[in-house]
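Survey of secondary and tertiary structure
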Amino acid sequence: MSASSGQISLRLAMSLDGYIADDQGGYDWIVPVASPTLDTDHQLPFDEFLDGVDIVVMGRRCYDQGQHQDYVALGKKVIVATSTRSVLEKKEEGVDFVGNGVVEVVRAARDQGHHCFLFGGGLLVESFLAADAVDMLTVGIVPVLLGSGRQLFPGERPTLELRLTDYAVQDGKVRLVYKRR
């Protein structure tokens, strides 16, 4: 992938035992845990990451929770993956609703040079991983063991060989950035 080409990125938080949400889909467990002596000078601010994003991709549940609104307000195009017919027929400025084929739609945007950010949810992320369509993966490891919930990597998928390209530590969270090898 050339420096000027697009990419499909995934950036999320994960519990130390591999969950991205609790049993109810909540993420109130993602809290700062002071570790000032371990924090790195170099950080990976979300705002800087978001500055480079053209398209935000999310599932219908995230959309229903209103999580698209801030992105639309920032001028980001939002793609909502859904199989719900009534949602597919909706019209909303800045938002495209896509049924089957969301991976192909986002791949086409990437191939046109757009940076696409997979915001969530779990089924959407899994479909992109299963289709071998993730170019960059940033995982923030939160110091908590949930014991159950929504796993980061459920199911089967092709092997995705990665290389560590960046890291940071802040507030007890280790953030690791991987790109395809």
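Below you will find a few notes about this structure. All residue numbers here refer to positions counted from 1 along the written sequence of the relevant chain. The predicted nature of this model means local features are confined to residues of pLDDT at least 70 and side-chain atom pairs, given and counted, to a pLDDT of 80 or more, with totals for whole chains, interfaces and linings taken over all residues. Note that water and hydrogens are dropped before the side-chain values are worked out from all heavy atoms of the structure.

The next thing to look at is the sheet that holds strand β4 (residues 77-81). If DSSP finds at least two bridges between two strands, the strands pair. Every helix listed is a DSSP run of H or I at least four residues long, and every strand listed is a run of E at least two residues long, numbered separately from the N terminus. The 8 strands are arranged β5-β4-β3-β6-β1-β7-β10-β9 in an open sheet whose pairing can be described as mixed. Each edge of the sheet is formed by a strand with only one pairing partner; in this case those strands are β5 (95-98) and β9 (162-170). For this sheet, the mean inter-axis angle between neighbouring strands, taken without regard to orientation, is 20°. Relative to strand β6 (residues 115-120), strand β3 (residues 55-59) runs parallel, the two being bridged by 4 bridges. In the sheet register, Met 58 faces β6, and the bridge partner there is Gly 120. To get an axis, fit a line to the C-alpha atoms, keeping to the stretch in contact for a helix; angles then go from 0 to 180 degrees between the N-to-C directions.

Turning our attention to the side chain of Arg 110. Structurally, Arg 110 is set in helix α5 (residues 102-111). A relative accessible area of 15% places Arg 110 in the buried class. Contact partners of Arg 110, with chain neighbours within four places excluded, come to Gly 6, Gln 7, Ile 8, Cys 116 and Asp 135. Each residue gets one of three labels from its accessible area relative to the maximum for its type: buried under 20%, exposed over 50%, partly exposed in between, using a 1.4 Å probe on protein chains only. The criterion used for residue contact is that any of the two residues' heavy atoms lie within 4.5 Å.

Let us look at the pattern of salt bridges. Salt bridge criterion: a side-chain nitrogen from Lys or Arg within 4 Å of a carboxyl oxygen from Asp or Glu. On inspection of all chains with the given rule, the structure shows 6 salt bridges. Among the charged side chains, a network of salt bridges with common partners joins Arg 110, Asp 111 and Asp 135.

The next thing to look at is the nonpolar core. We call a set of buried residues a nonpolar core when its members are Ala, Val, Leu, Ile, Met, Phe, Trp, Tyr or Cys and they connect through side-chain atoms within 4.5 Å of each other. Ranked by internal contacts, the top residues of the largest apolar core, which has 25 residues, are Val 57, Val 102, Val 106 and Phe 128. Of all elements in the fold, only β1 (7-15), β3, β4, α5, β6, α6 (122-130) and β7 (136-142) reach the threshold of two or more residues within this core. Beyond its immediate chain neighbours, meaning those up to four positions away, Val 106 contacts Ile 8, Val 57, Ile 79, Cys 116 and Phe 128. One finds Leu 44, Cys 62, Tyr 71 and Val 177 within the second-largest nonpolar core, a separate group that totals 18 residues.

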